[in-house]
Amino acid sequence: KGKCSMFTFQSYEDSPLVTLTANNMSRPNMKVGQRLLLNYVVENDIDEASKTIEVKGISKVTTDTIVFVPQEVLDTLKQDEIKVMSVWRTGEYLNIRCQVEYTEKPRQLYLATNGAVDANGVLNTYQIQNLMGAKRFYWLETYLSYYIGPVWRLENVNGLRYNVTDLSYPEGRFFDFKK
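Residues numbered from 1 in each chain as written. Predicted model: local features only at pLDDT ≥ 70, side-chain atom pairs only at ≥ 80, totals over all residues. Heavy atoms only, no water.

### What about the side chain of N95?
Here's step 1: Relative to the elements of secondary structure, N95 occurs in strand β8 (residues 93-103).
Here's step 2: We classify N95 as buried; its relative accessible area is 5%.
Here's step 3: A distance of 3.0 Å separates polar atoms of two side chains, one belonging to N95 and the other to R35.
Here's step 4: Among the polar contacts made by the side chain of N95, one reaches the side chain of T90 at a distance of 2.9 Å. (Helix = DSSP H or I, 4+ residues; strand = E, 2+ residues; numbered from the N terminus. Buried < 20%, exposed > 50% of the residue type's maximum accessible area, 1.4 Å probe, protein only. Polar contact = N/O pair within 3.5 Å; in protein donor to acceptor, adjacent residues only side chain to side chain.)

Okay, structure coming up:
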C-alpha cells in the first residue's frame, strides 16, 4: 500500500503538463524520463493539472535525440519507406505513430538534420530508416519519439519540417510544425 507510479503527460504542442498518478501499479523497471505509450482510464479528475488513473496497458516507445549530420553525408543516407499514421509535437518532442517493416536484423532508425535554416526560419529534419538490405517480413506498428530540444530552442528557428519517405501518402513527403 502506498506505492504508485506518476507520469507527466503533455497532450500536444505547448499545452500545460498534466500529472497522472496510478495507484494500481508500481513498475521498478521504468526509468524517470522514459517515454511510454500509456493506456489508462481516469478515476479522479482532481484538476486541470493532475488526475488519478487506472493503468490498463503500457508499452515502450522508441526514443532518440535528433542527430546533426553534414549535408554531404545526409545526401548519401538511405531512406527506406515507412507508413506514417500520425505526427505531432509535444513540447520538445516530435512523435510519430507509424508502421515499419519487421526485419530479423538491426536497422538504422533516427531523425537527422544538417542544421541549416531556410529564409523563413524552418529547419529541415529527415526520417532516416535504413534496413541495410535485411529481409523484410511484415509491417509492424510502432511509436517513435525524438527529442528536438537542441534545435527547437534555437532563436533563428521558427519551425521544423519533418521530411519522410511515406508509403501511406507518397505525394505529401513532409509535415510542418511552427513555433
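### Digging into the pairing of strand β2 (residues 18-22)
Regular strands place their side chains on alternate faces of the sheet.
Here's step 1: Most of β2 sits out of view: four of its five residues are buried.
Here's step 2: Sheet topology places strand β1 (residues 5-9) next to β2; five bridges connect them, and they run antiparallel. Bridging from a neighbouring strand, M6 pairs with T21 of β2.
Here's step 3: In this structure, β2 lies alongside strand β4 (residues 50-60), joined through four bridges in parallel fashion. Within β4, the position partnered with L20 by the bridge is K51. (Pairing = 2+ DSSP bridges.)

### As for the pattern of salt bridges
Here's step 1: Counted according to the given criterion, the structure contains ten salt bridges.
Here's step 2: Taking the shortest distance from any N to any O, the salt bridge between D45 and K51 comes out at 2.4 Å.
Here's step 3: K51 sits in the buried class, given a relative accessible area of 16%.
Here's step 4: D80 is paired through a salt bridge with R136; the nearest N and O atoms lie 3.4 Å apart. One end of the pair, D80, is in the loop between α1 (71-74) and β7 (83-90); the other, R136, is in strand β11 (residues 136-147), with 56 residues separating them in the sequence.
Here's step 5: On the basis of relative accessibility, which here comes to 36%, the residue R136 falls in the partly exposed class. (Salt bridge = Lys/Arg side-chain N within 4 Å of Asp/Glu carboxyl O.)

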